[in-house]
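Commentary on secondary and tertiary structure
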Amino acid sequence: MSRSTVAQILRATDAPGVVEVNGWVRTKRDSKAFSFVEINDGSCLANLQIIADADIEGYAEAVPTLRTGASIKVTGEIVPSQGKQQWEMQAQTVQLLGDSEEDYPLQKKGHSPEFLRSIAHLRPRTNLFGAVFRMRSRMAYAVHQFFQERGFVYVHTPIITASDCEGAGEMFRVTTLDGETLEKQPDEDFFGKPTYLTVSGQLEGETYACALSNIYTFGPTFRAENSNTTRHAAEFWMIEPEIAFCDLQEDMALAEAMIQYLVADALEHCAEDLKFLNKFVDKGLLERLEFVKSRDFERITYTDAVELLKNSGHQFEYPVEYGLNLQSEHERYLTEEHFKCPVTVYNYPQEIKPFYMRKNDDGKTVAAMDLLVPGIGEIVGGSQREERLDILRANLGEHELSEEDYYWYVDLRRYGSVSHAGFGLGFERLLMFVTGVSNIRDVIPFPRTPGSADF
RNA sequence: UCCUCAGUAGCUCAGCGGUAGAGCGGGUGGCUGUUAACCACUAGGUCGUUGGUUCGAACCCAACCUGAGGAGCCA
C-alpha cells in the first residue's frame, strides 16, 4: 500500500483505491457508531474527510479522545463522498501517532493574525498560513524560473560584508568582540575590520554582471532600521538582478515583466490557495491579479509626477515640491487613485539618490526608478548605474565617500566599463501583493522586527 | 523614533465606580452521514504590571510593559 498525501488523493480523477495517509486532525465529529475525522497534511488547502466506524482496528484507542492538532495514520479506501466533497476515506485502520494536549491553541474558528503571530510555530497549521507559505515556495521557484529561462546566472553575494550600499539603510554590526574591546580595539575583530550583515548585494552583483552579463541574486537581506510598519522587516529576502549593456528603459521593462510573470504563475499554479485568500483575506485579490497580468503598467517621470500631484486638486498632508521625496500618500494617490494600476516613477533628482546612480544628460536627475503597486507602495527600487569613471569619482566626493573603500567598485569603470542597470525586488512585498495579506509579518515564517526575534 | 488605539477565561469579546459574564474551545454524557455539526451538564479568571484617587477600582489618574494601526526610512 502506498502512502499518499491529501493533495494526491483529492486531485485524483479515478478512485485511488486503498491508501495510507498521515496528517494532523483539524476537526472531529462523533456519532454513536462512527466518527468523521478531517485531517490536513499541508499538501493542499483542503482536508481529507475520514469515516471511522467504531469497530475498525485502532478506533477504541485513538478516536474517542482524539483532539484537534493530534497526528494520526489512517488506512482505508478512497470512495466518492456522500457529502459536499468529492472524495473521502472509508477507514480500515487508524493509529494515533502523537496526541494533542487539551490546551492546543488552534481552534476551528478564525483567529486574529496578531494571536497567530504569537504562536508562529503552530500557525502554519492554519488554512491562511498554509496557503501563504505554499505560495511563498511557489513564488521562489517562479523567480528562479523567470531568470533561468532568460539566461541569467544566479550569484550568491555575501551575507557578511564590509561595504555599505549607500541609501539602503542602517546596518547590523557583525563582531566576535565584547562591547569594551569593540570600542578600544576594533582592528582585533574577527575580520580585522568592521563588518556588517548585508543591506544589498547590488555592489557585489555589479561585479558579476560585468563578467557574466546577466545575473541575479536572491537571498536574505538585513536592515537595522527602527521601522514599525506593515511592510518593513529587519530580515527579509530580496531579488536583485543586474544586467550589463542595459539602460534604464530596459531595466524598467524587466521589472514590469517580472511582476507580470510572477502574478501569472501564481494564478496558474496556486488557484486553490488564491481562491481561499480571495474569499477570506482580500475580496478584490483575484480581480486585481488578473488585471495586473494583462494590462501594461504606467510610467511617469518624477518631474511629471510632481506636476500631476500639484495639479490634482487633491489636498495632501505633506508638500509636493520638486526636490522632495514623494511621500506614501503621494505614491498611493498615483497608483491607487490616479492610474489605478502599477506605476513606475523614474528620473529622480540626484540630490535624493545614492552616489552610484547614473547622471542624466539634463544635469539634474539620475536614472532611478521605483515601481509602485496599489496597496503596498514601493515593491521595486532600481537604477542604471554610473559607468563613467570621472563622474562616479565626482559622485563619491560629493557624497563624502572615500574612493579607497570602494576601489574595487571603481575598478569596474577602469577596466572595460559598460552601461548596466538593475533593481531590487522585495520578495515579501511581492508576496503581500500576490496573496492580499496586508502585514509583512504574515508572509515570512518567523518575522524579525524591532524588539522581536522570537522562535 | 513620533502620533493614535488596545490589553478581562485557551480564543473572540461584553461589562466602564457597588459580589466577574457570553459564545467558541476543554471535560462528561447523548445523538445512524456530519461539514465552524447538534443537545444537555460541567470545570476554567491576581481583569497587562506598579503606584495613586475613592468607603469601594476591571472601570477614574500616572508611569511602565506588550500588541496593533498610521508616519518617517526603504525592499
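Before reading further, recall that the structure is shown in the block above.
Reading the values: the criteria
- Residues numbered from 1 in each chain as written.
- Chains lettered and ligands numbered in written order.
- Predicted model: local features only at pLDDT ≥ 70, side-chain atom pairs only at ≥ 80, totals over all residues.
- Heavy atoms only, no water.
- Axes fitted to C-alpha atoms, helices over the stretch in contact; angles between N-to-C directions.
- Helix = DSSP H or I, 4+ residues; strand = E, 2+ residues; numbered from the N terminus.
- Parallel < 35°, antiparallel > 145°, perpendicular 65-115°, else oblique.
- Left-handed = near helix turned anticlockwise from the far one by under 90°.
- Contact = heavy atoms within 4.5 Å.
- Nonpolar A, V, L, I, M, F, W, Y, C, P; charged D, E, K, R; others polar.
- Near = heavy atom within 4 Å.
- Polar contact = N/O pair within 3.5 Å; in protein donor to acceptor, adjacent residues only side chain to side chain.
- Buried < 20%, exposed > 50% of the residue type's maximum accessible area, 1.4 Å probe, protein only.
- Pairing = 2+ DSSP bridges.

Each pair of packed helices can be summarised by the angle the axes make with each other and by the distance between the axes. Running from N to C, helix H7 (residues 248-269) and helix H14 (residues 427-435) point in directions that differ by 50°, and their axes come no closer than 11 Å. When the interaxial angle is binned, H7 and H14 end up oblique. Relative to H14, H7 is oriented so that their crossing is right-handed. The segment H7 lies against H14, with Ile259, Leu262, Val263 and Ala266 engaging Leu430, Phe433 and Val434. Of the residues assigned to the contact of H7 with H14, the class counts are seven nonpolar, no polar and no charged.

Let's shift gears to the environment of Leu248. One can find Leu248 in helix H7. Measuring from C-alpha to C-alpha, the distance between Leu248 and Ser383 comes to 6.3 Å, with 135 residues separating the pair along the chain. In this view, Leu248 contacts Tyr346, Asn347, Ala367, Ala368, Met369, Ser383 and Gln384; residues no more than four positions away in its chain are not counted.

Another aspect to go through is the packing of helix H4 (residues 127-149) against H14. Their axes nearest at 11 Å, the elements H4 and H14 cross at an angle of 120°. Regarding the angle of H4 to H14, the classification is oblique. Here the hand of the crossing between H4 and H14 comes out right-handed. Contacts between H4 and H14 involve Met135, Arg136, Met139, Ala140 and Val143 on the former and, on the latter, Phe427, Glu428, Leu430, Leu431, Val434 and Thr435. Residue composition of the contact of H4 with H14, by class: eight nonpolar, one polar and two charged.

The next thing to look at is the protein's contact with RNA strand B. Every one of the 53 residues lining RNA strand B counts as a neighbour, but Lys84, Gln107, Thr229, His232 and Arg429 are closest to it. Here, RNA strand B places atoms within 4 Å of the protein, and 54% of those atoms are sugar or phosphate. Between RNA strand B and Gln85 there is a distance of 3.2 Å, counted from a base oxygen to a side-chain nitrogen or oxygen. Put simply, the parts of the chain that give the surface near RNA strand B at least two residues each are strand E2 (18-30), strand E3 (34-40), strand E4 (48-53), strand E6 (87-98), helix H3 (113-118), strand E12 (235-244) and strand E16 (377-384). Top contributing element to the surface near RNA strand B by residue count: E16, with four residues. A per-class count over the surface near RNA strand B returns eleven nonpolar, 24 polar and 18 charged.

Turning to the environment of Arg414, a few remarks are in order. One can find Arg414 in helix H13 (residues 407-414). In this structure Arg414 comes out as partly exposed when scored by relative accessible area, which is 43%. Through-space distance from the C-alpha of Arg414 to that of Gly397 is 17 Å; in sequence the pair is 17 residues apart. In terms of polar contacts, Arg414 uses its side chain to reach the side chain of Tyr415, at 3.3 Å.

It is worth spelling out the sheet that holds E12 at this point. Reading across the sheet, the eight strands line up as E7-E11-E12-E17-E16-E15-E14-E13 and stay open at both edges, with mixed pairing between neighbours. The outermost strands of the open sheet, each flanked by one partner alone, are strand E7 (153-154) and strand E13 (298-301). Judged from the five bridges that link them, E12 and strand E17 (residues 420-426) form a sheet pairing that is antiparallel. Pairing of Ala244 across the sheet is with His420, part of E17. Against the sheet, helix H6 (residues 202-212) makes contact with E7, strand E11 (214-222), E12 and E17, and its axis sits at roughly 30° relative to E12, the strand it touches most. Each of E13 and strand E14 (343-349) touches helix H10 (residues 302-310); the most contacted strand, E13, lies at about 90° to it.

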